[in-house]
Amino acid sequence: MTKVKKAVFPVGGLGTRLLPATKAIPKEMLPIVDKPVIQYAAEEAIAAGIEELILVTGRGKAMIEDHFDESVELDIALDRSGKTNLLEAADAWLPPPGTMAFVRQPKPLGLGHAVLCAERIVGDEPFAVLLDDELIVEGDLLKRLIDVQRETGGNVVAVMEVGAEETSRYGIIDPGNNSDSDVMRVEGVVEKPSVEDAPFRLAPIGRYVLTQDIFAHLSSLPRGAGGEVQLTDALAVAMDDTPLYDYRYDGYRSDCGSPEGIIEANVALGLAQPGIAGCLKDALRHHLDNAL
Ligand code: G1P
């Protein structure tokens, strides 16, 4: 089995749920405590053994590329002022030179289209897809998905149960009969069904490990939900030849594509940082008693 070395990060989306904050700033660059959202996803991939990061960007996203570059002026200024600890924070986490690729998605035609834009760089091997606005900082979810892909040879998606009224915001999978196990062979999957049409509540949460065969399906798909090319639709079509497995995740996750998710994640991760937790708790207590 080929090792999963490459991860695709679709970062061309417009971030409309976060307007006006995302008018001039890519949603991927909004901070959770002291790092932009995209950095968490990049670090998650590297921790899972991914060696090449492929970012599918779009108009107005140049700031993301700058974040993954060394900042020469900043390095010189910090070095001169002896702030070597900050120097570490600015650049030490960067992936090694030559391990990142940026490819443009000319138009935001959907998640499936964004993944298809990475086809030539991914080539003929299985690969991971991470949606950075789903913040996942606990455990080794991606590594587990990679293991399942290696063991089964299928496509693999991480899922969580969502609220009955939320199904129209997600893909929804039909788990079949084996609903007790962590890893299950999926019977069906549909993108953003209406609440009435969704008999199940298990939704993909933005972490996939896919075989290269998915590209052929993506390139011949009609537009799906929302008039976009949907990755979920390609997975559904692929199931005839390549089984789809889901992996149930029950750790911490936050939807950082929404204002409430960004705020909640800042609180959760802020409370986990010893240098911040004390004053954050005081502020939270104060605001709970004295809402603005
Ligand atoms: C995408 C996927 C959807 C998945 C969701 C998770 O939707 O199409 O299947 O459940 O991510 O966040 P989007 O949020 O891009 O509309």
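Details of the structure are given in the entry above.
Residues numbered from 1 in each chain as written. Predicted model: local features only at pLDDT ≥ 70, side-chain atom pairs only at ≥ 80, totals over all residues. Heavy atoms only, no water.

(A) How the structure looks around the overall build of the protein. When helices and strands are counted, the protein shows 11 helices and 14 strands. The principal-axis extent of the C-alpha atoms belonging to the protein is close to 60 × 50 × 35 Å. Classification of the 292 residues of the protein by burial places 47% in the buried group. For the protein, the accessible area works out to roughly 14,600 Å², and carbon and sulfur atoms hold 52% of it. (Helix = DSSP H or I, 4+ residues; strand = E, 2+ residues; numbered from the N terminus. Buried < 20%, exposed > 50% of the residue type's maximum accessible area, 1.4 Å probe, protein only. Areas by Shrake-Rupley, 256 points an atom, 1.4 Å probe, with all protein chains shown as cover.)

(B) Structural detail: the packing of aromatic side chains. Across all of its chains, the model carries two aromatic pairs by this definition. Ring geometry for phenylalanine 68 versus tryptophan 93: centroids 5.4 Å apart, planes at 75 degrees, classification edge-to-face. Of this pair, phenylalanine 68 sits in the loop between α2 (62-67) and α3 (72-80) while tryptophan 93 sits in the loop between α4 (84-91) and β5 (100-104), and the two are 25 residues apart along the sequence. On the accessibility criterion, phenylalanine 68 (9% relative accessible area) is buried. (Phe/Tyr/Trp six-rings, centres within 6.5 Å; stacked < 30°, edge-to-face > 60°.)

(C) Spotlight on the site of the ligand. Close to the ligand lie Leu111, Leu131, Glu134, Tyr170, Gly171, Glu191, Lys192, Pro204, Tyr208, Gln230 and Thr232, which account for all nearby residues. One of the backbone N or O atoms of glycine 171 is found 3.0 Å from an oxygen atom in the ligand. In this structure, glutamate 191 approaches the ligand through a side-chain N or O atom, which is 2.7 Å from an oxygen atom. Surface burial for the ligand is 79%, taken as the share of its 380 Å² of free accessible area covered by protein chains. Taking a 2 Å distance to the grid points as the criterion, the majority of the atoms of the ligand fall inside the largest pocket. The residue inventory of the shell around the ligand, partitioned by class, reads five nonpolar, three polar and three charged. (Near = heavy atom within 4 Å. Polar contact = N/O pair within 3.5 Å; in protein donor to acceptor, adjacent residues only side chain to side chain. 1 Å grid on protein atoms, 1.4 Å probe; cavity = no way out; pocket = protein on both sides within 12 Å on 5 of 7 lines; lining within 4 Å. Sits in = over half its atoms within 2 Å of the grid points. Nonpolar A, V, L, I, M, F, W, Y, C, P; charged D, E, K, R; others polar.)

(D) Expanded view of helix α7 (residues 141-152). If you check α7, its first and last C-alpha atoms are 17 Å apart, about what 12 residues at 1.5 Å a residue would give, namely 16 Å. Listed as buried for α7 are Leu141, Leu142, Leu145, Ile146, Val148 and Gln149. On an axial view of α7, the arc spanned by its buried residues comes to 160 degrees, and they lie on one face. Residues of α7 that are buried sit in contact with α1 (37-47), β6 (127-130), β8 (155-161), β10 (183-185), β12 (202-210) and β13 (244-248). In the segment just after α7, glycine 153 is the residue with positive phi, at about 75 degrees. (Expected span 1.5 Å × (residues − 1). Arc of directions from axis to C-beta. Contact = heavy atoms within 4.5 Å.)

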